[in-house]
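Take a look at the letters that make up each chain.
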Amino acid sequence: MLRFPGHGHRHPEDIVIGPLDLPARIDEALAVQAVAFGLGSDEVAVRRQIVLRHMTYPGARAFGATAAGRLVGFVYGMPNDRSHWWSTVVEPYLRAQGQADWLDDSFVITELHVHPRYQNRGIGRSLITTITGTADEPRSILSAIDTDSPARGLYHSLGYQDLARQVLFPSAPKPYAVMGAQLPLRRR
């Protein structure tokens, strides 16, 4: 487990990063995602089923960030599988860029969210470097809304490069970028 921002005795606002039983804390995690990503209750209900299904896949794992025992951020992912829905959507875009091999032998970051009150403290960086540090795969892939955003800035700072841009997901209102990085990620 990681604890920050300080060292020494635990303070109530210390952030603790550690393994997360995501199915057991699904509602708490989705509440963080809803605030961080601007989701309505209907979309949260759909995502609940998706996350619970994902967590049954081989190698799926999650890490959480807690403050005084309350979940303030989480990440989950799994070894990529070309038969999964996400891979089938992004594969044509990656193939068009000569990057389809990234779908093999990669660890996919499925979701990473930090409650807005806790952003800009290094929590997202710590979550993603922690989960990818557990991966057996030599590289990681993810998708992020294709805009200049703090999230994409974080991914770039960790070594992620754009593999495909303007990727359209069914029912997503904005295009995404698919990004990939060799592991281990850059720490700074």
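Residues numbered from 1 in each chain as written. Predicted model: local features only at pLDDT ≥ 70, side-chain atom pairs only at ≥ 80, totals over all residues. Heavy atoms only, no water.

What follows is about the overall build of the chain. When its secondary structure is counted, the chain shows 5 helices and 8 strands. Counting from the amino terminus, helix and strand elements in the chain follow one another as β-β-α-α-β-β-α-β-α-β-α-β-β. The C-alpha atoms of the chain give a radius of gyration of 16 Å, which matches the 16 Å a tight globule of 188 residues would have. Expressed as lengths along the three principal axes of its C-alpha atoms, the size of the chain is roughly 50 × 35 × 35 Å. Sorting the 188 residues of the chain into buried and exposed places 49% on the buried side. Accessible surface, the chain as shown: approximately 9,600 Å² in total, 53% of it carbon and sulfur. (Helix = DSSP H or I, 4+ residues; strand = E, 2+ residues; numbered from the N terminus. Rg over C-alpha atoms; globule rule 2.2 N^0.38 Å. Buried < 20%, exposed > 50% of the residue type's maximum accessible area, 1.4 Å probe, protein only. Areas by Shrake-Rupley, 256 points an atom, 1.4 Å probe, with all protein chains shown as cover.)

Another point: unusual backbone geometry. Note: most peptide bonds trans; most residues except glycine with negative phi. With omega at 0°, the peptide bond leading from Leu-183 into Pro-184 counts as cis. Residue placement: Pro-184 occurs in the segment after strand E8 (176-182). The phi dihedral of Gln-166 falls on the positive side, at around 60°, and the residue is not glycine. Within the element layout of this structure, Gln-166 appears in strand E7 (residues 161-167). A relative accessible area of 45% means that Gln-166 is categorised as partly exposed. Non-glycine residue Ser-171 carries a positive phi angle of around 70°. Tracing the sequence through the fold places Ser-171 in the loop between E7 and E8. Look at Ser-171 and you get exposed, because its relative accessible area is 80%.

Okay, the nonpolar core next. One finds Leu-22, Tyr-76, Trp-86 and Val-90 to be the most contacted residues of the largest nonpolar core, which totals 30 residues. Residues contacting Leu-22, with those up to four places away along its chain left out, are Ala-29, Val-51, Met-55, Ala-62, Phe-74 and Tyr-76. Phe-63, Leu-112, Leu-154 and Leu-183 belong to the second-largest nonpolar core, a separate cluster that totals 28 residues. (Core = buried A, V, L, I, M, F, W, Y, C linked by side-chain atoms within 4.5 Å. Contact = heavy atoms within 4.5 Å.)

Turning next to the environment of Arg-165. Counting through the fold element by element, Arg-165 comes out in strand E7. For Arg-165, a relative accessible area of 46% corresponds to the partly exposed category. Sequence separation between Arg-165 and Thr-147 is 18 residues; the distance between their C-alpha atoms is 9.8 Å. Contacts of Arg-165, omitting those with residues within four sequence positions, involve Asp-146, Arg-152, Tyr-176 and Ala-177.

Our focus in this paragraph is the side chain of Ser-87. Tracing the backbone shows Ser-87 in helix H3 (residues 85-96). The exposure class assigned to Ser-87 is buried, which follows from its relative accessible area of 1%. When neighbours within four sequence positions are excluded, Ser-87 is seen to be in contact with Asn-80, Asp-81, Arg-82 and Leu-103.

The subject of this paragraph is the pairing of strand E6 (residues 139-145). Of all the 7 residues making up E6, 5 are buried; the element is thus mostly covered by neighbouring parts of the structure. Bridge count for strand E5 (residues 106-114) against E6 is 3 bridges, and the pairing is parallel. Bridge pairing links Ser-106 to Arg-139 in E6. Note on the crossover from E5 through helix H4 (residues 123-132) to E6: the handedness is right-handed. Bridge analysis of E6 against E8 gives 7 bridges, and the strand direction is antiparallel. When the bridges of E8 are listed, Leu-142 appears paired with Met-179. (Pairing = 2+ DSSP bridges. Right-handed = clockwise from strand over helix to strand, strands pointing away.)

Bear in mind that shape data such as this cannot, by itself, settle questions of function.
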